[in-house]
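# Chain and residue survey
The primary structure of each chain is shown beneath.
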Amino acid sequence: MTTRGKIVLTLLVLGLAGWGGWRWWDKLAPQPKTEPPITSSGHAPAGETGAQTGSTAAQADHLAAELAETLTAIPKLAPPGNYQIKTETVELELSEYAGYAGLIVANGGLEPSENSIFFKKHGFKVKITLSEEESWSALNSGKIAVSATTVDVLAAYGRQFQVVVPVQIGFSRGADGVVVRSEINRINNLKGKILATAQFTEADFFIRYLAQEAGLAVHMLPDLKTALDPGKLNLVYCADAFAAGDLFLKDIQQGGGVLAGCVTWAPKTTDVAKQSGGKARILATSANLLIVSDILIVNRNFSTQHPEKVAGLVEGLLEGNRLVRDNPPAHEELIGRVFKWDREKTKSELAKVHLSNLPENLAFFSGAIDAAGSYGGIFQSAVLAYGSDLIKDPADSDRFLDLKHLKGLEQGGAFKDQKVAIAPIRSGSVATLENNPLLSKDIRFLFAPNSASLELNNKDNLKNLEAIKQLLQVSPGSTILLRGHVDNAMVDEFRRKGGEAFVRQMALKAMELSKNRAAEIKRLLVERHQVDAARLETLGRGWEEPQGTDNEQNRRVEAQWFTIE
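Residues numbered from 1 in each chain as written. Predicted model: local features only at pLDDT ≥ 70, side-chain atom pairs only at ≥ 80, totals over all residues. Heavy atoms only, no water.

## Focus: the confidence of the model for the protein
In the predicted model, the protein carries a mean pLDDT of 86, and the fraction of residues at 70 or more is 87%. Low pLDDT, under 50, characterises residues 16–53; the predicted model gives this stretch 51 contacts beyond four residues in sequence or across chains. (pLDDT = per-residue confidence, 0-100. Contact = heavy atoms within 4.5 Å.)

## Examining the nonpolar core
Of all hydrophobic cores here, the largest spans 130 residues; its most connected members are L154, F161, L210, I521 and W561. Beyond its immediate stretch of four places on either side in the chain, L210 contacts V178, I187, A284, L289, L438, L439 and W561. Among the nonpolar cores identified, the runner-up in size contains 21 residues, and L224, L249, C262 and A280 belong to it. (Core = buried A, V, L, I, M, F, W, Y, C linked by side-chain atoms within 4.5 Å. Buried < 20%, exposed > 50% of the residue type's maximum accessible area, 1.4 Å probe, protein only.)

## Section: helix α13 (residues 343–350)
Those residues of α13 not exposed but buried are T346, E349 and L350. Each buried residue of α13 lies within a common arc of 100° when the element is viewed along its axis, so the set occupies one face. In α13, the exposed positions angled more than 90 degrees off the buried face are occupied by E344 and K347. Considering only its buried residues, α13 is in contact with α3 (101–107), α11 (307–326), α12 (332–339) and β12 (353–355). Where α13 begins, the capping side chain belongs to D342, and its oxygen is found 3.3 Å from the backbone nitrogen of E344. (Helix = DSSP H or I, 4+ residues; strand = E, 2+ residues; numbered from the N terminus. Arc of directions from axis to C-beta. Polar contact = N/O pair within 3.5 Å; in protein donor to acceptor, adjacent residues only side chain to side chain.)

## Some words on the sheet that holds strand β3 (residues 146–150)
With respect to topology, six strands assemble into an open sheet ordered β2-β1-β3-β11-β4-β12, the strand pairing being mixed. Both edges of this open sheet fall to β2 (125–130) and β12, since each of them pairs with a single strand only. Each neighbouring strand pair of the sheet contributes to a mean axis angle of 30°, computed without reference to strand direction. Bridge count between strand β1 (residues 89–94) and β3: two bridges; the pairing is parallel. Within β3, the position partnered with E93 by the bridge is S147. Helix-sheet contacts for α11 involve β1, β2, β3, β4 (163–172), β11 (293–299) and β12, and the interaxial angle to β4 is about 5°. (Pairing = 2+ DSSP bridges. Axes fitted to C-alpha atoms, helices over the stretch in contact; angles between N-to-C directions.)

## Section: the packing of aromatic side chains
Scanning all chains against the criterion turns up 15 aromatic pairs. An aromatic cluster is defined as three or more aromatic residues linked by ring pairs; in this entry it consists of F171, F364, F365, Y375, F379 and F400. A cation over an aromatic ring shows up here: K125 above the ring of F119, its NZ or CZ 5.8 Å from the ring centre. Over the aromatic face of F242 sits the side chain of K268, whose NZ or CZ is 5.2 Å from the ring centroid. (Phe/Tyr/Trp six-rings, centres within 6.5 Å; stacked < 30°, edge-to-face > 60°. Lys NZ or Arg CZ within 6 Å of the ring centre and 35° of its normal.)

## Some points on the pairing of strand β6 (residues 194–198)
Counted residue by residue, β6 has five buried out of five residues, so it is predominantly covered. Sheet analysis places β6 next to strand β8 (residues 233–238), joined by five bridges and oriented parallel. When the sheet's bridge partners are listed, L195 is paired in β8 with L235. Sheet analysis places β6 next to strand β9 (residues 261–265), joined by two bridges and oriented parallel.

## Section: the packing of helix α17 (residues 459–473) against helix α18 (residues 491–529)
Where α17 contacts α18, the axes come no closer than 10 Å and their chain directions differ by 80°. When the interaxial angle is binned, α17 and α18 end up roughly perpendicular. Residues L462, L465, E466, I468 and K469 of α17 lie in contact with α18, whose contacting residues are I521, L524, L525, R528 and H529. For the contact of α17 with α18, the class distribution of residues is six nonpolar, one polar and three charged. (Parallel < 35°, antiparallel > 145°, perpendicular 65-115°, else oblique. Nonpolar A, V, L, I, M, F, W, Y, C, P; charged D, E, K, R; others polar.)

## What about the sheet that holds strand β14 (residues 479–484)?
The mixed open sheet is built from four strands, whose spatial order is β13-β16-β14-β15. Where the open sheet ends on each side, the last strands, each with one partner, are β13 (439–443) and β15 (536–540). Across the sheet, the axes of successive neighbouring strands diverge by a mean angle of 20°, strand direction being ignored. Across the sheet, helix α7 (residues 202–213) is in contact with β13 and β16 (557–562); its angle to β13 comes to roughly 45°. Seen against the sheet, α17 touches β13, β14, β15 and β16 and runs at an angle of roughly 145° to β14.

## Let's talk about the environment of S397
Residue placement: S397 occurs in the loop between α15 (375–386) and α16 (404–411). The exposure class of S397 is buried, given its relative accessible area of 14%. Separated by 19 residues in sequence, S397 and I378 have C-alpha atoms that sit 9.7 Å apart. Sequence-distant contacts of S397, that is, excluding residues within four places in its chain, are made with Y375, G376 and F379.

## Some details on the pairing of β11
β11 sits mainly inside the fold: seven of its seven residues count as buried. Two strands pair when backbone bridges link them, and β3 and β11 are joined in this way by five bridges, in the antiparallel orientation. If you follow S147 over to β11, its bridge partner there is I297. Of the pairings in the sheet, the one linking β4 to β11 comprises six bridges and is antiparallel in character. Along β11, the bridge assignment pairs V163 with N299.

## Some points on the pattern of salt bridges
Within the structure shown, the criterion is met by 24 salt bridges. With its nearest N and O atoms 3.0 Å apart, the salt bridge here joins E520 to R523. You can see E520 and its partner R523 sitting in helix α18, three residues apart, about one turn around the helix. Assessed through its relative accessible area of 15%, E520 is described here as buried. A single salt-bridge network, built from bridges that share partners, covers E88, E308 and K309. (Salt bridge = Lys/Arg side-chain N within 4 Å of Asp/Glu carboxyl O.)

## Considering α7
For α7, which comprises twelve residues, the first-to-last C-alpha distance of 16 Å matches the rise-based estimate of 16 Å (1.5 Å per residue) to within 8%. Most of α7 is tucked away: eleven of the twelve residues are buried. All of the buried residues in α7 are E202, A203, D204, F205, F206, I207, R208, Y209, L210, A211 and E213. A positive backbone phi angle near 75° is found at G215, which sits one or two residues after α7. (Expected span 1.5 Å × (residues − 1).)

The following block contains the structure:
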């Protein structure tokens, strides 16, 4: 072969090889690996940029199909209207909840009856309908006369909600709860994770309240395809709180890692924990965190036109609550029949509520109650927990109140033998103080330099003292560990001046200063706010636990809140 022939053949072979490489490159070349974003439990969520494992993406897609729409504004209610009473029968709508046992007993069941307390003492009948729907528009427009809700719902719906509150029904005492993966041991650990719950319900408020106290902002995810916020608690929503519990349990049972937990209510809380095979636990309930308070709400126009019937509802409710409080077994059969519960479940559900009496009502609305959340305190907490993005123009809490019927009963001497009686519910196991705080709250108190004297003319200091008191106030039996800290800005300077021996010497002084600062906070809480000293412990940590490089933030007192579970 000539030289020219060899060149032509070589070019032909190279050309064929190049064409073949181009044709098959996408199958032969290794694909670049991209790092997937991380979800609440360490897995890549569906729909985000970056490669994902097929199983994780499929699991997230499967869960997403069961989510409800995330609302970015409070729902609009139907315009206000008048409720027209028929045949002297008031229509009252309730959900399946043991907290309404007093109303059930006072009425003798669901149907209108001449044997009810309402008819015997006040001459009208009550028809109770059970529904799990939140029929706030129906109540607003006058399709029903009376319903029940929690204080936080009033704060959320605000001025458009044309109802009055004449009486408190009671407190949830464990019906609401946060269920999480077993490795999560406090609310602060939920940062950068996803929980499922039901929007604008007491469950939504419950977790928002706890996150707020832990200094953790909330981010609402529109779906599971949207990247979570790594610095916040991320929430997705289901149609109701039971569905949220089912969704979290499904994620666990199918080996997924998308959800870190759920916020729901009993018995779903215990069901999820039991059926998780040890992979989930109840982190917190409302048993000893009394911020979920049930109230009776009455169509405003009906209340104005028929004050005598509202007075009858108030007295009948309080009498029903008294009957159930004084002798629960005598009424378990009726309550169980109405809610289709067996005797054991009826007893169990009644144990998760506190039915309020007259003095507890008066203290709740006046703010004088010292073993549970007050009406005004819960209302304002809800406004803050939902934030200005959702509650743009909050209503005044007093606009809903109509307490003349309670005050009339007090002046008339009704229920004069009753007393405020709210105590901690103890499970029997008592953890050591340092073990399991529900949450940690870092508080920046302003002290004089190198001193344990708190600046009492500073408004933030006074506000922080009040915040610690309120933590104890809404949770009977809870305790606070005050951990004092100082900044570590001078450590390098101490080392330069005197070496490690001098650093150790100054570290001891810093430890003493931090302990004295924590002790000063305890003293002020006891002397100025009448907090029981037995509910406060102190500890000095010196500069051993800096939060970062911000010296201002490192000069702090950390309040660790231990609730009884």
